[in-house]
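The chain contents come next:
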Amino acid sequence: MQGDAIVTHLEEAVRGGMKFQNLLEKAVELIHECDENFHWTGIYELYPDGMLRLGPFIGAPTDHVFIGVGEGVCGTAVKEEKNQNIPDVMAIENYLACSTQTRSELVVLIRDEKMIYAQVDLDSHIVDAFAGDVEGEVQKVADFLAKQYRARASQKRAA
Ligand code: SME
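These lines cover the structure that appears in this document, whether it is placed above or below. Please read these numbers as outputs of a predicted model, since none were measured by experiment.

**Considerations on the sheet that holds strand 3 (residues 66-68)**
Pairing between the strands of a sheet is mediated by backbone hydrogen bonds and can be parallel or antiparallel.
So, point 1. One open sheet accounts for 6 strands, arranged 3-2-1-6-5-4; its pairing is antiparallel. Both edges of this open sheet fall to strand 3 and strand 4 (84-86), since each of them pairs with a single strand only. In this sheet, neighbouring strand axes are inclined to one another by 25 degrees on average, regardless of whether the strands run parallel or antiparallel.
So, point 2. The sheet contact formed by strand 1 (residues 40-46) and strand 2 (residues 51-58) spans 5 bridges and is antiparallel. Note on strand 2: the bridge partner recorded for Glu 45 is Arg 53.

**Notes on the pairing of strand 6 (residues 116-124)**
So, point 1. The element strand 6 is extensively covered by neighbouring structure, given that 8 of its 9 residues are classed as buried.
So, point 2. One ladder, built from 6 bridges, connects strand 1 with strand 6; its direction is antiparallel. Bridging across to strand 6, Gly 42 finds its partner in Asp 121.
So, point 3. As paired elements, strand 5 (residues 104-111) and strand 6 share 8 bridges and run antiparallel to each other. Residue pairing across strands places Val 108 opposite Val 120, the latter belonging to strand 6.
So, point 4. Adjacent in sequence and paired antiparallel, strand 5 and strand 6 are bridged by 4 residues.

Reading guide: rules and limits
Residues numbered from 1 in each chain as written. Predicted model: local features only at pLDDT ≥ 70, side-chain atom pairs only at ≥ 80, totals over all residues. Pairing = 2+ DSSP bridges. Helix = DSSP H or I, 4+ residues; strand = E, 2+ residues; numbered from the N terminus. Axes fitted to C-alpha atoms, helices over the stretch in contact; angles between N-to-C directions. Buried ≥ 20, exposed ≤ 12 C-beta atoms within 10 Å, placed from the backbone.

In structure tokens, the structure reads:
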């Protein structure tokens, strides 16, 4: 996948006045379309109460709309402040099953030096779907989105 191309697309959308929520939806869509083995793609946002809440997603509906810090792969990423690339979800204990078909999962944090805003979560039905440069390419999109979260937070403070 080409993270730079997605960022260019999203930058154009911002210049065209796209609203923040629509931008998140667009980012999910563009990442999801990169590979037919990306079976579920979504964004979880980290709220001040310390819970992750499901934002836009593509794929099967999940019961895991709220995830606490430290819970599952998503909550572990926040607790450890570290992306999670799980080649085989059956090999780990603290996995929260979104679909019984999921075999591998990638969580990339949307963060800057100040804070974690959210995360991109990808699930695949095949083992080790996120090997190679996938994490780095998703990170480019996540870093772009972190700048948008930061800008939105500054605008809210100024309002
Ligand atoms: N598998 C995740 C839960 C989210 S669903 O995959 C969409 C986890 O273990 O945190």
